[in-house]
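One-letter residues, chain by chain:
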Amino acid sequence: MKAIGIDIGTTSICLVLYDQESGRIRESVSAPNHFLEGGFRQDADRIVSVVKEKLDWILEQNIGIGVIGVSAQMHGILYVDREGRAVSPYYTWKEACGRELFEGMEAAEWLSEKSGYLMYPGYGTVTHFVLDKRGEIPAEAVGMVNIGDYLVMRLCGIAETGTDCSIAASVGGFDLSAGDFDFGALKAAGVDTRFYPQIAAAHEAAGFYRGIPVMPAVGDNQASFYAAAGEGGDVVSINVGTGSQVSVMAAELEPIQLGEIRPFTRQNYLYVQASVNGGKVYEKLAAFFEETVELFTGVKIDAYDKLAALELAAEETTLVVAPGLYGTRGENGCFGSVQNLTEENFHPSDLVKAYVTGMARELHQLYLAFPPKLREGRRRIAASGNGIRKNRLLAQEVERLFGMPVTFGVWKEEAAAGAAMLAVKGYYAGTI
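Below, the structure is looked at part by part.

Rules used throughout
- Residues numbered from 1 in each chain as written.
- Predicted model: local features only at pLDDT ≥ 70, side-chain atom pairs only at ≥ 80, totals over all residues.
- Heavy atoms only, no water.
- Helix = DSSP H or I, 4+ residues; strand = E, 2+ residues; numbered from the N terminus.
- Rg over C-alpha atoms; globule rule 2.2 N^0.38 Å.
- Buried < 20%, exposed > 50% of the residue type's maximum accessible area, 1.4 Å probe, protein only.
- Contact = heavy atoms within 4.5 Å.
- Areas by Shrake-Rupley, 256 points an atom, 1.4 Å probe, with all protein chains shown as cover.
- Lys, Arg positive; Asp, Glu negative; His and termini not counted.
- Charge placed at Lys NZ, Arg CZ, Asp CG, Glu CD.
- Axes fitted to C-alpha atoms, helices over the stretch in contact; angles between N-to-C directions.
- Parallel < 35°, antiparallel > 145°, perpendicular 65-115°, else oblique.
- Left-handed = near helix turned anticlockwise from the far one by under 90°.
- Nonpolar A, V, L, I, M, F, W, Y, C, P; charged D, E, K, R; others polar.
- Pairing = 2+ DSSP bridges.
- Core = buried A, V, L, I, M, F, W, Y, C linked by side-chain atoms within 4.5 Å.
- Phe/Tyr/Trp six-rings, centres within 6.5 Å; stacked < 30°, edge-to-face > 60°.
- Expected span 1.5 Å × (residues − 1).
- Arc of directions from axis to C-beta.
- Polar contact = N/O pair within 3.5 Å; in protein donor to acceptor, adjacent residues only side chain to side chain.

## Quick notes on the overall build of the protein
On a plain count of helices and strands, the protein comes out with 14 helices and 23 strands. By the compact-globule yardstick of 22 Å for 432 residues, the protein fits well, its C-alpha radius of gyration being 21 Å. Along the first, second and third principal axes, the C-alpha set of the protein runs to 65 × 55 × 50 Å. Put simply, the protein has 432 residues, and 55% of those count as buried. Here the analysis covers contacts within the protein between residues at least 6 apart in sequence; of these, 68% occur between residues at least 24 apart. Summed over its atoms, the accessible surface of the protein is roughly 18900 Å², and 49% of this surface lies on carbon and sulfur atoms. Here the protein contributes 38 positively and 54 negatively charged side chains, and the mean placements of these two sets differ by 3 Å.

Shown next, in the form of structure tokens:
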């Protein structure tokens, strides 16, 4: 069995050809993803066009492909018309309109209080609520979907599709025990629920692309976890992409005060602590040094290789950096800091070492936010995402702080690989 996995990430789009018999990736192609000018929104039809071009190339080179799976960045929404065509940009998980004040509170906080469901800026329900209050929902809109759902619709040529629980739960206002949106709570909070999608039936293809079944899109967190760790109960999954996530799997559904509980496979759930800080903050560190060099010398450099050398050469430092450039979920106005700056540690190598250690420290703090019961029996870390795979010091610091070995999967594109693997299991085995 061969399967194609497609991942629509925030900064890149990736397709892989997965060979179930060997358990290996036979092809991998990717393309950058882009924000539209002036915000954190993306062109949904451009994304579909890029995917189709790459997908057709793989299909022309290979035969015997049995199923297509899709994973996608979660939380975001776009609006579609009656023909299933996009009538808005894709509002990503980084969309900030949920920070607008509504009756003296941030809209996300207000909705959380009124609905009883914890939501953050960037959640589809929050974005939808604010756009509705602004009068900015397109007149032609009849529904809202995730970018992964939209890709499935366009590949299959259908006007609507069900959304998988793994994505639906990320929108906000989803009742895990019922497996559906809590429309009563949402309506009571003033949310217009006419636009919400139906939940996809388990193990059923949404349609076909060139005769190949296409499964409903799944969340990239779930797909990455499955590729990196399967259904291992002793695993802590750490993914560092644009943002970062720390996840553990459990069969029990128990409420937690911080973080999210996301549907995973059959009776299993992923408990997730997420941060808006991830690989993007390391990019900003590289950009800082590049800007500094150009400012003083007029020379443009690529700082990544030198940063890697500084990381590994740096000794322990007393400098403390919290690189929270993009803030902290649930803590308004809480950003990064530099502490204990002294004459002895005022050096670039100390800054780099402390900065990366700060990234690892945030991941460890996210893990400690899980109740002790959920941390019991965890023995290893399955790491994924280029933000940690390409940063050796970050991996070392994570290993040191967690006191567990860090391992990486045999492939680099975990979300796309996981989408393919879940598609095979779900469509042919009916076990997902």
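## Looking at the packing of helix α1 (residues 44-61) against helix α4 (residues 147-156)
At a closest axis distance of 10 Å, the pairing of α1 and α4 adopts a crossing angle of 60°. Looking at the two axes, α1 sits oblique to α4. Helix-helix and strand crossings are classified by hand; for α1 and α4 the assignment is right-handed. On α4, the residues touching Ala 44, Asp 45, Ile 47, Val 48, Val 51, Lys 52 and Leu 55 of α1 are Ile 147, Tyr 150, Leu 151, Arg 154 and Leu 155. Looking at the contact of α1 with α4, its residues break down into nine nonpolar, no polar and three charged.

## Quick word on the pairing of strand β17 (residues 244-250)
Among the seven residues in β17, seven count as buried, and that is most of the element. Residues Ser 244, Val 246, Val 248 and Ala 250 point to one face of β17 and Gln 245, Ser 247 and Met 249 to the other, with burial holding for every one of them. Following strand β16 (residues 235-240), the chain reverses through three residues before pairing antiparallel with β17. Where β17 lies against strand β19 (residues 269-275), seven bridges are found, and the strand directions are antiparallel. Counterpart to Met 249 in the pairing with β19 is Leu 270.

## Regarding the nonpolar core
Core analysis: the biggest nonpolar cluster contains 71 residues, and Tyr 79, Val 236, Ile 238, Leu 363, Leu 394, Val 398 and Phe 402 have the highest contact counts within it. Sort the elements by how many residues they give to this core and helix α10 (residues 348-368) lands first, with nine residues. Among residues more than four places away in sequence, those in contact with Leu 363 are Ile 238, Val 240, Ser 244, Val 246, Leu 394, Val 398 and Phe 402. Core analysis: the second largest hydrophobic core is formed by 36 residues, Ile 13, Val 29, Ile 58 and Met 153 among them.

## Side note on the packing of aromatic side chains
In this description, an aromatic ring pair is defined by two values, namely the gap between the centres and the angle between the planes. All told, the structure shown has 16 aromatic pairs when counted by the stated rule. On the basis of an interplanar angle of 85° and a centroid distance of 5.9 Å, the ring pair of Tyr 79 and Phe 195 is categorised as edge-to-face. One end of the pair, Tyr 79, is in strand β6 (residues 78-80); the other, Phe 195, is in the loop between α6 (183-188) and β13 (207-209), and 116 residues separate them in sequence. Across this residue pair, the class does not change: Tyr 79 and Phe 195 are buried. Ring pairs connect the aromatic residues Phe 174, Phe 181, Phe 183 and Tyr 196, which therefore count as one cluster.

## Overview of the environment of Gly 39
Structurally, Gly 39 is set in the loop between β3 (24-32) and β4 (41-42). Residues Gly 39 and Ile 212 lie 173 residues apart in sequence; the distance between their C-alpha atoms is 36 Å.

## What about α1?
Spanning 18 residues, α1 covers 26 Å between terminal C-alpha atoms, matching the ideal 26 Å at 1.5 Å per step. Buried residues of α1: Ala 44, Ile 47, Val 48, Val 50, Val 51, Leu 55, Ile 58 and Leu 59, and no others. Projected onto a plane normal to the axis of α1, the buried residues spread over an arc of 165° and lie on a single side. Exposed residues lying more than 90 degrees from the buried face of α1 are Glu 53 and Glu 60. The opening residue of α1, the one whose side-chain oxygen lies 3.1 Å from the backbone nitrogen of Asp 45, is Asp 43.

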